[in-house]
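# Observations on the three-dimensional arrangement
Read off the chains here:
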Amino acid sequence: MAVPPEVLDRIKKLREEINYHNYRYYVLDSPVISDEEYDALMHELRELEEKYPETVTPDSPTQRVGAPPSDKFRTVPHHVPMLSLDDAFSPEEIREFDVRVKKFLNIDHDIEYTVEPKMDGLAVELVYEKGLFVLGSTRGDGFNGEDVTNNLRTIPSIPLRLLSRHEPVPDLLEARGEVYMEKDAFRRLNEERQRQGLPTFANPRNAAAGSLRQLDPKVTASRPLNIFCYGIGRVEGRGFKTQWEVLNTLKQWGLRVNPLIKKVTGIEKAIKYHEHLAKIRPELNYEIDGMVIKVNDLELQDRLGTKARSPRWAIAYKFEAAQSVTRIVDIILSVGRTGAVTPVAIMEPVKVGGVTIRRATLHNEDEIRRKDIRIGDWVIVRRAGDVIPEVVKPLKERRTGKEKPFVMPKFCPVCGSPLVKKPGEAIYRCPNPDCFPRLAKKIAHFVSKPAMDIEGLGPKVVEQLITSGIIRDIPDLYYIKKEDLLSLEGFAEKSAQNLLDAIRRSKHVSLPRFLFALGIRHVGEVTAQLLAKHFKRLENIMEASFEELQSIQGIGPEVATSIYEWFKDEKNKELINKLLEAGITVEPMEEESRLPLEGQSFVFTGSLKSMKRADAKRLVISLGGQVQSSVGRNTSFVVVGENPGSKLEKAQKLGVKAIDEQQFLKMVGIENE
Ligand code: IVH
């Protein structure tokens, strides 16, 4: 079959690109694309080469196992090549692997596998002669590595002599494992480097690689490195039957083996264990990027053999990358409850570790300057500790010249107060003590039960939404995305969906509720009802004259002034427009509404048994009645609860009818026994 020219072209482009990224990664220690993107390129190339085997050349990146050793260190050969692993990302691909293995071996019973966390560090080989550590090297290109013996010697968990207490030591052992840096050690190292003004490492793996490939072992010694061993090269003076036995014997010899290794029978159990590892991954103090599945029986491994760069008896079942690349479209400010004003990057949505993210805190202005992050930049983002999204660094190579440096605004984005910064502090603050509380209160009122009635959006969540920069004003509520909620503490898939549903439901609202929700001074539920009844439609209220407002019974000059001024204010007009743009529909009042309590007014005294006073009032209003706070001649009924006050006496004096709770309930249509 002839290879189509466009395929040849694509293969060429893929190779060029992969070679470039290999160089960035291995030689410069400075990758410009995420692991996920790199994997995707390799995956595509490998698939094309598998389909058109005649296109494979010995110098194709797929034929290389790793990086060429640098000339910084002496080169040492690996007698048994240090192979790489094929990647898989889904249970289907893993099941296909299992089918391939069985087919190759011509067996149809369940296979026994070891399942091991796939450490995200760098592979090394440790050579022990008669129990003594004599040589240590990096993987290099799989055939030759770099001699980093002296650096490896500084890692406390690498025994300089094998233990012989439980197992006799072999004449020769080539142990293989992964050197890594623990997450908290990595964080401390980066903090220290930041303090010293040194560039920080993008992730623990880069930190481990950078630390191990130091010319001065003293530098390596100062870096907290660790190792987990997972395999062997040559061994003399001892035989093994299974990978499980290998792992356990390595442990007996004093080499560190990950305690999360497991032996399973059947591929489904392996898939289950991958789910478990994915779940506990955030709690681990080291980075793992997947799970390695290996055929346990070494004889079967032998029969399966290897392909050019990877064995047929093992596969890496990767997690979705916890690091990705996206573009910053804007940098906005969020205000915290202490007044701290934090820049937040708004990004094109990108999947990181299975979750879509679109915003990440940039901490403060100094941090933005230090990382040289600009609006329009392509950046590496990751979820630190697998929860909080973080911008790792900009990809300066991708700049077009159109990127804009961030300039810290001088005024608070919420209340407009001039921002202040104390000497020696990195954070700007809004000095207005009312700023955050006022905003939080305004939004909490808007979403409350008698207003827009958004269930699940209490004051605490409102605060979380503001401090994370997800909302900065009321209309932002209607643009919240599920992934925004998932990035907050306390939210999971279901609770996030419930809240989004409640927000959506609130978009259709009655006129009185909407008016009340706006938080206009002096406009409580009762006044909102009066306004709605009189004006019928929102537009009419927005255009009402002061005189008309004042003419409404129950609305005095002070209240009328407040309403009139509120609707004349441009900021408020914009708020209403934005809410309508966000899809809110305000139900007009029915022209001919004949509600059962229309024309009747109620005064409550004493406490009710069946409901709260506020609910009773709401009920009266919703049925067209009015609620008054004191008894007057025009009061229709005084509802007398337990322990009534002086209002009852006054009602009797004025001849206003008093009714008890039972009668009231009947009147509003609630039959009580
Ligand atoms: S086995 C032929 N086991 O993953 C088998 N590798 O892409 C080769 N790794 O170079 C490796 N944890 O750096 C194996 N439990 C584990 C591993 C592991 C991490 C790394 C190692 C290797 C790469 C393979």
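Residues numbered from 1 in each chain as written. Predicted model: local features only at pLDDT ≥ 70, side-chain atom pairs only at ≥ 80, totals over all residues. Heavy atoms only, no water.

## Let's talk about the overall build of the chain
- On a plain count of helices and strands, the chain comes out with 24 helices and 25 strands.
- A compact globule built from 673 residues should have a C-alpha radius of gyration of about 26 Å, whereas the chain, at 35 Å, is more than 25% larger.
- Looking at the chain as a whole, 50% of its 673 residues are labelled buried.
- A fraction of 68% describes how many contacts in the chain between residues 6 or more apart in sequence connect residues 24 or more apart.
- Accessible surface, the chain as shown: approximately 33,300 Å² in total, 51% of it carbon and sulfur.
- Here the chain holds 101 positive side-chain charges and 98 negative ones, and the gap between their average locations is 4 Å. (Helix = DSSP H or I, 4+ residues; strand = E, 2+ residues; numbered from the N terminus. Rg over C-alpha atoms; globule rule 2.2 N^0.38 Å. Buried < 20%, exposed > 50% of the residue type's maximum accessible area, 1.4 Å probe, protein only. Contact = heavy atoms within 4.5 Å. Areas by Shrake-Rupley, 256 points an atom, 1.4 Å probe, with all protein chains shown as cover. Lys, Arg positive; Asp, Glu negative; His and termini not counted. Charge placed at Lys NZ, Arg CZ, Asp CG, Glu CD.)

## Notes on the side chain of Thr220
- With respect to the helices and strands, Thr220 occurs in helix α7 (residues 217-221).
- Residue classification places Thr220 among the buried positions, given a relative accessible area of 1%.
- Non-local contacts of Thr220, meaning those with residues more than four positions away in its chain, are made with Asn151, Thr154, Ser211, Leu212, Gln214 and Leu225.

## Things to note about the environment of Ala88
- Within the secondary structure, Ala88 is located in strand β2 (residues 87-88).
- Taking the relative accessible area as the measure of exposure, Ala88 reaches 1% and is therefore buried.
- Here the alpha-carbon distance between Ala88 and Leu105, two residues 17 residues apart in the chain, equals 21 Å.
- Apart from the residues lying within four places of it in its own chain, the contact partners of Ala88 are Glu93, Ile94, Ile315, Ala316, Tyr317 and Lys318.

## Overview of the packing of aromatic side chains
- If you walk through the whole model with that rule in mind, you get 11 aromatic pairs.
- Members of the aromatic cluster, each reached through a chain of ring pairs, are Phe602, Phe604, Phe637 and Phe664.
- Taking the ring centre of Trp378 as reference, the NZ or CZ of Arg398 above it sits at 4.9 Å. (Phe/Tyr/Trp six-rings, centres within 6.5 Å; stacked < 30°, edge-to-face > 60°. Lys NZ or Arg CZ within 6 Å of the ring centre and 35° of its normal.)

## Comments concerning helix α12 (residues 435-447)
- Taking 1.5 Å of rise per residue, the 13 residues of α12 would be expected to cover 18 Å, and the 19 Å separating its terminal C-alpha atoms lies within 8% of that figure.
- Looking at the buried positions of α12, the neighbouring elements they touch are β12 (323-335), α13 (459-467), α16 (511-517) and α21 (570-581). (Expected span 1.5 Å × (residues − 1).)

## As for the sheet that holds strand β25 (residues 657-660)
- Strand order across the open sheet formed by four strands is β23-β22-β24-β25, with parallel pairing between neighbours. Whereas interior strands pair on both sides, the edge strands pair on one side only; in this sheet they are β23 (626-627) and β25.
- Pairing geometry for strand β22 (residues 601-605) and β23, over two bridges, is parallel. Paired with Ser601 across the two strands is Gln626, which belongs to β23.
- Along the sheet, helix α22 (residues 613-622) makes contact with β22 and β23, crossing β22 at roughly 170 degrees. (Pairing = 2+ DSSP bridges. Axes fitted to C-alpha atoms, helices over the stretch in contact; angles between N-to-C directions.)

## Considerations on the pattern of salt bridges
- Scanning the entire structure with this criterion turns up 40 salt bridges.
- Among the ionic pairs, Arg309 bridges to Asp86, the shortest N-O distance being 3.1 Å. Note that Arg309 is positioned in the loop between α10 (298-304) and β11 (314-318) and Asp86 in the loop between β1 (75-77) and β2, a separation of 223 residues in sequence. Judged on exposure class, the residue Arg309 and its partner Asp86 are both buried. (Salt bridge = Lys/Arg side-chain N within 4 Å of Asp/Glu carboxyl O.)

## A short note on the side chain of Glu49
- Mapped onto the secondary structure, Glu49 falls in helix α2 (residues 35-51).
- Those residues in contact with Glu49 that lie beyond four places of it in its chain are Arg15, Thr55, Val56, Ser60, Thr62 and Gln63.

## Considering the nonpolar core
- Leu477, Tyr478 and Leu531 are the most contacted members of the largest nonpolar core, which totals 85 residues.
- For this core, the element with the highest residue contribution is α12, accounting for seven residues.
- The next biggest cluster of nonpolar side chains, apart from the first, holds 35 residues, and it includes Val124, Leu162, Leu255 and Val257. (Core = buried A, V, L, I, M, F, W, Y, C linked by side-chain atoms within 4.5 Å.)

## Digging into the site of the ligand
- Residues in close proximity to the ligand total 15 residues, the closest being Glu116, Met119, Glu178, Tyr230 and Lys294.
- Taking Met119, its main chain carries an N or O atom lying 3.1 Å from a nitrogen atom of the ligand.
- Burial of the ligand by the protein amounts to 89% of the accessible area it has alone, namely 510 Å².
- Those elements giving two or more residues to the shell around the ligand turn out to be β3 (112-119) and β10 (288-295). (Near = heavy atom within 4 Å. Polar contact = N/O pair within 3.5 Å; in protein donor to acceptor, adjacent residues only side chain to side chain.)

## Comments concerning the packing of helix α20 (residues 557-568) against α21
- One way to put it is that α20 packs onto α21 with a least axis distance of 5 Å and a crossing angle of 70 degrees. One finds that α20 runs roughly perpendicular with respect to α21. Together, Trp566, Phe567 and Lys568 of α20 and Glu570, Asn572, Lys573, Leu575 and Ile576 of α21 make up the contact between the two elements.
- Counted by class, the contact of α20 with α21 contains four nonpolar, one polar and three charged residues. (Parallel < 35°, antiparallel > 145°, perpendicular 65-115°, else oblique. Nonpolar A, V, L, I, M, F, W, Y, C, P; charged D, E, K, R; others polar.)

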